Amino acid sequence: MRRRSAPTAFDPAAVRPWNARLTGLGYGGDYNPEQWDDDVRVEDLRLMREAGVNILSVAIFSWATLEPREGELDWSWLDRTMDRLHDAGIQVALATATASPPPWLTRRHPEILPRLADGTVLHQGGRQAYSVTHPVHRDYALRMTARMAERYGEHPALALWHVDNEIGCHVPRDYSDAAAAAFRTWLTERYTTVERLNEAWGTAFWSQRYGTFDDVLPPLAAPTFANPTQQLDFDRFSSDALLDYYRDLRDTLREITPHVPTTTNLMTTSACKGMDYFSWADDLDVVANDHYTIAADEDRHVELALAADLSRGVAGGEPWMLMEHSTSAVNWQPRNRPKLPGEMLRNSLQHVARGADAVMFFQWRQSRAGAEKFHSAMLPHAGEDTDVWRSTVELGETLQRLGEVRGSRVSSRAALVVDYPAWWASELDSHPTQELRYMDEVRSWHAALWEQGVTVDTVTPRADLDGYDLVVVPTLYLVDDAGAANIAAAAERGATVAVTFFSGIVDGCDQVRLGGYPGAFRDLLGVRTEEFYTLQEGETLSVVGKAVDGEARADLWSEKTHVADGTEVVAAYDDGPLAGWPAVTRRDVGDGTAWYVGTRLDRAGLGALASRLAQSSGTTPRVVAPAGVEVTRRVADDGTAWLFAINHTAHDAVLDDVTGAELLTGTTTPGVLEVPAGAVRVVRLAA
Ligand code: GLA
């Protein structure tokens with residue numbers, strides 16, 4: 001990969017905040033004026049003012065419009081757009097325009113096209129048809145990025161740079177020759193000698209020993225299971241390669257506009273496995289995220305909460321931007337349903353309640369042509385006399401009333417440990433079961449705590465856990481020694497730590513920690529598992545004990561687990577081959593406790609256990625809300641606190657012990673807060 005030299009005297013303190021020229025929260029979306037005639041663009045400005053829009057992402061897919069033939073630049077429409085938006089008081093997250101190379105580029109340089117593991121070439125005609133590691137593509141992308149920075153770097157409408165778009169969205173893994181070469185370079189840097197690589201990958205197995213790095217390939221389609229560590233390292237490499245692409249474009253921008261913040265839109269959902277976003281965090285001046293709910297998912301608002309908590313986790317607790325979501329239906333699910341009445345507002349304010357300082361959409365005006373013409377937008381095909389447009393205007397007004405929460409942080413005393421390499425490794429092939437989905441486990445625990453009203457921060461195994469009274473560690477199959485020690489130290493210091501099945505199994509090279517499972521956590525938990533008993537599809541077990549409030553069902557997984565002295569069995573299997581063996585255990589550790597959950601409990605069982613963990617760790621919420629009413633807090637540096645209450649149910653709700661000023665209705669709450677069915681309330685709490 002060809003790299004431009006990094007800016008010499010870059011001063012992070014000189015980067016202005018992305019929202020320096022905005023008052024309150026950001027509100028807007030992707031704006032694609034190149035798809036429209038000028039009279040429509042003029043109308044856009046009027047409607048944007050009406051909706052209260054103050055920030056837009058511009059020029060994301062504009063390369064072919066800006067440079068229709070190589071070297072022939074047409075800036076006219078973008079110059080006009082930037083000036084007009086500035087005149088309208090709207091700021092711009094200006095893209096590098098690189099997200100989709102123009103047709104002339106891939107025709108002239110077909111070698112930049114990415115490839116799947118089976119050799120299939122991904123051609124031009126959609127978007128993102130480029131290999132991030134190809135030096136030719138890199139050169140062209142850097143040149144376009146530099147042009148954007150040189151032309152608009154001083155423009156008063158420019159708030160921040162938006163590098164490329166959803167990097168890795170369609171091509172998280174590229175198996176092209178360029179990627180293979182970059183993979184070998186990455187491996188050489190990681191292992192220095194091929195012997196170390198052989199050790200790490202366990203290549204004594206199946207005659208896989210390498211004599212030179214030159215023989216190493218990406219895990220291409222193979223007759224049977226590819227080497228697991230090769231697969232895992234390719235995941236690590238691919239995330240790093242995508243980040244390297246971002247960094248290179250970012251460095252180009254920094255060189256020319258060192259004062260302008262830079263970001264790219266992440267996709268921290270429970271479905272996006274490609275990139276280790278925690279390792280990207282330091283390179284983003286502000287974390288920006290795109291999130292889309294899945295219409296068929298009845299608990300989509302709970303999944304949204306997890307995605308928002310992941311964004312905040314990547315941001316290290318700092319406020320972040322919701323760069324994209326949808327006003328209503330999308331176009332890429334099997335069945336694309338509109339949102340329910342009020343759902344878009346609730347979705348938006350859930351993100352704000354969980355730390356977002358901007359609410360943005362894909363996109364401003366619904367396209368007339370192209371693959372996304374049936375994707376909703378702020379302004380739909382049917383125009384202004386629509387519920388979608390009215391809700392766009394309503395949301396703009398609502399966000400203006402919430403401007404004072406900007407910059408505050410979400411308060412939480414519970415941590416959910418999430419780790420992308422553990423995700424990648426836990427789902428490799430040739431495992432005890434192919435049914436295990438890491439994010440299902442993370443999601444179930446997050447949901448169980450959500451139902452208890454416990455707000456969690458998502459953190460990595462090595463994060464500072466000092467502020468947390470409850471630390472939940474779902475299925476952390478891979479963990480290094482430092483991560484395991486950090487989690488154990490939290491229990492010693494007084495936290496309640498809960499670790500679940502198939503955790504601590506392997507080290508960072510995917511090599512088993514010997515002596516019994518869950519290897520890295522055996523001492524902390526006081527348990528030793530000798531064998532996994534995975535369950536067949538549809539098979540369930542009965543689990544009984546106080547940990548699950550009597551009896552629960554479990555599926556997927558069970559273990560033959562021995563307990564050490566001092567470890568209490570708080571639930572056991574009641575049937576099946578492991579009848580009588582421990583299912584859930586508990587142990588005092590230092591000033592805290594460590595729990596092990598050796599199976600996958602059903603919703604009721606998990607709920608009972610989550611409630612017990614919340615109680616014993618003292619993380620139960622101060623304000624008790626009825627089921628389906630989500631309550632969180634944001635707190636400013638000066639101690640001002642806001643309570644967000646979002647009623648996801650069809651029933652009016654009443655919360656006790658809430659006194660303060662309600663910002664959306666402009667009323668005062670004298671101790672009792674009414675939250676009508678489907679509504680949101682935000683109270684600045686009385687000191
Ligand atoms: C992503 C992309 C957008 C658009 C939306 C559609 O988030 O960044 O360009 O394609 O998906 O949901």
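Residues numbered from 1 in each chain as written. Predicted model: local features only at pLDDT ≥ 70, side-chain atom pairs only at ≥ 80, totals over all residues. Heavy atoms only, no water.

A. Here's a closer look at the overall build of the chain. On a plain count of helices and strands, the chain comes out with 16 helices and 27 strands. Expressed along its principal axes, the backbone C-alpha trace of the chain runs to roughly 75 × 75 × 50 Å. For the chain, the proportion of its 687 residues judged to be buried stands at 61%. Put simply, 72% of the contacts in the chain that link residues at least 6 apart link residues at least 24 apart. Accessible surface, the chain as shown: approximately 26,300 Å² in total, 48% of it carbon and sulfur. (Helix = DSSP H or I, 4+ residues; strand = E, 2+ residues; numbered from the N terminus. Buried < 20%, exposed > 50% of the residue type's maximum accessible area, 1.4 Å probe, protein only. Contact = heavy atoms within 4.5 Å. Areas by Shrake-Rupley, 256 points an atom, 1.4 Å probe, with all protein chains shown as cover.)

B. Spotlight on helix α14 (residues 481-493). With 13 residues, α14 should cover 18 Å at 1.5 Å per step; its first-to-last C-alpha distance of 18 Å lies within 8% of that length. Among the residues making up α14, those that are buried are Gly483, Ala484, Ile487, Ala490 and Ala491. With its buried residues spanning 115 degrees around the axis, α14 presents them on a single face. Looking at the buried positions of α14, the neighbouring elements they touch are β13 (470-473), β14 (496-500), α15 (522-525), β20 (582-589) and β21 (592-597). Phi turns positive one or two residues past the end of α14, at Gly494, with a value near 130 degrees. (Expected span 1.5 Å × (residues − 1). Arc of directions from axis to C-beta.)

C. A look at the environment of Asp555. Turning to its location among the elements, Asp555 is positioned in strand β17 (residues 550-555). Here Asp555 falls in the partly exposed class, since its relative accessible area comes to 27%. Taking the C-alpha atoms as reference points, Asp555 and Asp290, 265 residues apart in sequence, are found 33 Å from one another. When sequence neighbours within four positions are dropped, the list of residues in contact with Asp555 reads Leu535, Glu539, Thr540, Thr599 and Arg600.

D. Expanded view of the pattern of salt bridges. On inspection of all chains with the given rule, the structure shows 48 salt bridges. Arg138 is the salt-bridge partner of Asp244, the closest N and O atoms lying 3.0 Å from each other. One end of the pair, Asp244, is in helix α8 (residues 228-256); the other, Arg138, is in helix α5 (residues 135-152), with 106 residues separating them in the sequence. When sorted by exposure, Asp244 lands in the same class as Arg138, which is buried. Among the ionic pairs, Asp309 bridges to Arg312, the shortest N-O distance being 2.8 Å. Taken together, the positions of Asp309 and Arg312, both in helix α9 (residues 300-314) and three residues apart, correspond to about one turn of that helix. Taken individually, Asp309 and Arg312 each receive the classification buried, so the pair is uniform in this respect. Overlapping salt bridges bring together Glu43, Asp44, Arg46, Glu50, Arg365 and Glu384 as one network. (Salt bridge = Lys/Arg side-chain N within 4 Å of Asp/Glu carboxyl O.)

E. Representation of the packing of helix α3 (residues 76-87) against α5 in the model. Interhelical geometry of α3 versus α5 gives an angle of 45 degrees and a closest axis separation of 12 Å. It follows that α3 is oblique to α5 by the angle criterion. Helix-helix and strand crossings are classified by hand; for α3 and α5 the assignment is right-handed. Contacts between α3 and α5 involve Leu78, Asp79 and Met82 from the former and Met148, Arg151 and Tyr152 from the latter. Broken down by class, the residue content of the contact of α3 with α5 amounts to four nonpolar, no polar and two charged. (Axes fitted to C-alpha atoms, helices over the stretch in contact; angles between N-to-C directions. Parallel < 35°, antiparallel > 145°, perpendicular 65-115°, else oblique. Left-handed = near helix turned anticlockwise from the far one by under 90°. Nonpolar A, V, L, I, M, F, W, Y, C, P; charged D, E, K, R; others polar.)

F. Up close: the sheet that holds strand β1 (residues 26-31). Across the sheet, nine strands lie side by side as β5-β4-β3-β2-β1-β9-β8-β7-β6; this open sheet has parallel pairing. The open sheet has two edge strands with one neighbour each: β5 (262-263) and β6 (265-266). Looking at chain direction, strand β3 (residues 91-95) and strand β4 (residues 158-162) are connected through four bridges and run parallel. Paired with Ala93 across the bridge in β4 is Leu160. (Pairing = 2+ DSSP bridges.)

G. Seen up close, the sheet that holds strand β25 (residues 653-662). Read across the open sheet, the six strands follow the order β10-β23-β24-β27-β25-β26; overall the sheet is antiparallel. Whereas interior strands pair on both sides, the edge strands pair on one side only; in this sheet they are β10 (409-410) and β26 (667-675). When β25 meets strand β27 (residues 680-685), the two strands line up antiparallel, connected through three bridges. Looking across to β27, one finds that Gly660 is bridged to Leu685. Those strands touched by helix α10 (residues 343-353) are β10, β23 (629-635), β24 (641-647) and β27, and its axis lies near 150 degrees from that of β24.

H. Highlighting the site of the ligand. The local shell around the ligand consists of Phe61, Arg127, Asn165, Glu166, Asp290, Tyr292, Glu324, Trp332, Phe362, Glu372 and His375. His375 places a polar side-chain atom, nitrogen or oxygen, 2.7 Å from an oxygen atom of the ligand. Against a free-state accessible area of 300 Å², the protein chains account for coverage of 96% of the ligand. In the shell around the ligand, the residues fall into four nonpolar, two polar and five charged. (Near = heavy atom within 4 Å. Polar contact = N/O pair within 3.5 Å; in protein donor to acceptor, adjacent residues only side chain to side chain.)

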